[in-house]
Every structure is written in structure tokens, then in C-alpha cells.
Amino acid sequence: MNKVRAQAVDHIKEHGYFIMRKALDEALCDDILAEIRRLDDLKIPRSLDNNFHGHLTTRYYDVLNYGDVWQRVATHKSILPIVRDILGEDCLLNTFGTSIIGPGETAQSIHVDDGPFIAARNSSLRHRPHLYEGGPRQSIVLNTMIALCDFTEEIGATRLVPDSNKMPYPRPQDSDAWMAKSIPALMNKGDVLFFEGQCYHAGGANRTTQKRFAVTVDYCAGYLRTQENFMLSIGQNKAAHFDDDLKQLIGYRISKGGLGHVYNHEPQGLMKLVAI
Ligand SMILES: O=C(O)CCC(=O)C(=O)O
Ligand SMILES: [Fe+2]
């Protein structure tokens, strides 16, 4: 394992986050920025325009259906090996889109990103609450925030609370108090922030006149139902031309323990038929 990868894994496990410097080269960042401008020009409808995600923040989702450049992001060699070290070889893409915080946007409230899974599990176990209360949570979600511009405090760098990955459920209640304990993830264009799903964090307020450009690629353990349903949103004809890692990330693989088979076979066999 190379040094940065080992250092990243240790720091994530211990403190809940890691900033990798110069993870993506300038050319790839510029290709993604050009693609974002193309989507802006196409007037792709914005999603998640709400009080939590913000009214001045552009979230493009299901981006794998757009330009080919998106196929080079989730499987990037600086990112995927670390994600697999934390979540397991059979991890899945959970959500994948932009987080472009516009000028004047206010800070998000402090939250966790594994909340939907905890809520789903607790709902299934609602008659047996002793099975889920208390104790630190396992890492089942790992999020990455790719800086496509310099992240300063003023432009709305993601805020996070170091070591909050070890906090027990329930999720953070008093956002202002946790905000006071948070630090900004200061980054340069091309750096990547990794943070665990149980780590307390929030998008920062943008007090500049520039947009804060970022892509967020969120992964989860292979035994979970993913927040975005890539198997439906990305047609088989499109996915058949993805590389093996990307196919596996969107669900074309059997998990450890045998979840997700097709006619009791690896789904990739089915993909070969479709690609003909
Ligand atoms: O864009 C950011 O800095 C964070 C966004 C975030 O945490 C979220 O929407 O869940
Ligand atoms: Fe979040």
C-alpha cells in the first residue's frame, strides 16, 4: 500500500476525515468544470432546491448519464482504493453529483451523511429499540468532496468536527454548538476531502461573489440499499460501456455474502450480453 493511502486510511479511521493534496490533476478538474458549464448551458433542472441543501446551491445528480468525463471520477486511482480499504472491496456508489455553493448561500446545519441508513435500520428494528441504541457507529458510508476551486473559509469550505466519527447515535442536535467546534476543510483545486458518514459536517456559508465548485462522490457498504438507484437511472446500454470498477460501483457485482445476483450469476455476465 502506498504511503499516502495508508496515512489516509489511518487518519479517516481515527479522526473521521482526511484531506488528500493534489489528488486530481488540473486537466481533469478543468474537464469537469467545462462539463458543469455545459450542463448550465443546457439548463438541466436543478435538484434538491430546499432549506437543507440550499436555494443557491447547484446539485446535478445522475451525472453518469451526461458527459463521459464523469466516468473518470468515482473510480479515480487516488480515491477508490482508499474507499475500498474503509468500506470493503464490494462497496457501492451511494450518491454522486455536484455541490456548487453560490454566492450568498448560508451554511447548512451540522449533520451526518449516514442518517438515511440509520433511519431505515431503526425503522426496521422499531419494535426492538435495544438493538440499535447507543454506542459508536460503524463506518458504512464514506463521502468525498472534490475541490474544483480553492476552498477558503469565505467561499464555503465544507465544515467538519474532527473525531465526531466516534460519537454515538443520535445525530447532532444543536447545530450551532457543533458549528462552533467545526473546522473548515481548506483545500486547493484538485484536493479531495474524505469524510466518514458518521462525521459531523456541513457545507459552509459562501460570503464571496464567486461560486464554490465541488463534486461529491459518496460511497456505502456493499450490503446496503443505495440512496440513488443507479441500476434504474443509468440504462444497461450505457452502463455496459463503463469500465469494470464503475460497473461494480453501481451494482453490477455480487456483494460479499452473495447479495445482488442475476439468475444466480454475477450480473457482469448479463452486461456482456447487453453490450453485443
Ligand atoms: O457541499 C458541502 O460542502 C457539503 C454538502 C453536504 O454535506 C450535504 O449536502 O450533505
Ligand atoms: Fe452532508
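Residues numbered from 1 in each chain as written. Chains lettered and ligands numbered in written order. Predicted model: local features only at pLDDT ≥ 70, side-chain atom pairs only at ≥ 80, totals over all residues. Heavy atoms only, no water.

A. Structural detail: the site of ligand 1. Lining the immediate surroundings of ligand 1 are His53, Arg59, Ser99, Gln108, His111, Asp113, Met145, Thr158, His201, Gly203 and Arg212. Separating an oxygen atom of ligand 1 from a side-chain N or O atom of Arg59 is a distance of 2.9 Å. A distance of 3.2 Å separates an oxygen atom of ligand 1 from a polar side-chain atom of Gln108. Within the complex, the protein chains bury 93% of what would otherwise be the 300 Å² of accessible surface of ligand 1. For the shell around ligand 1, the residue count by class is 1 nonpolar, 7 polar and 3 charged. (Near = heavy atom within 4 Å. Polar contact = N/O pair within 3.5 Å; in protein donor to acceptor, adjacent residues only side chain to side chain. Areas by Shrake-Rupley, 256 points an atom, 1.4 Å probe, with all protein chains shown as cover. Nonpolar A, V, L, I, M, F, W, Y, C, P; charged D, E, K, R; others polar.)

B. Quick look at the coordination of the iron ion (ligand 2). Around the iron ion (ligand 2), the donor atoms from the protein are His111 (NE2), Asp113 (OD) and His201 (NE2), and they sit 2.1 to 2.2 Å away. Of note, the donors binding the iron ion (ligand 2) are all from one chain and are spaced H-x1-D-x87-H. Each member of the pair, His111 as well as Asp113, carries the same accessibility label: buried. (Donors = N, O, S within 2.8 Å, 3.2 Å for Na, K, Ca; no water. Buried < 20%, exposed > 50% of the residue type's maximum accessible area, 1.4 Å probe, protein only.)

C. Here's a closer look at the environment of Lys13. Turning to its location among the elements, Lys13 is positioned in helix α1 (residues 3–15). Sequence separation between Lys13 and Gly269 is 256 residues; the distance between their C-alpha atoms is 35 Å. Those residues in contact with Lys13 that sit more than four places away from it in its chain are Ile86, Asn165 and Lys166. (Helix = DSSP H or I, 4+ residues; strand = E, 2+ residues; numbered from the N terminus. Contact = heavy atoms within 4.5 Å.)

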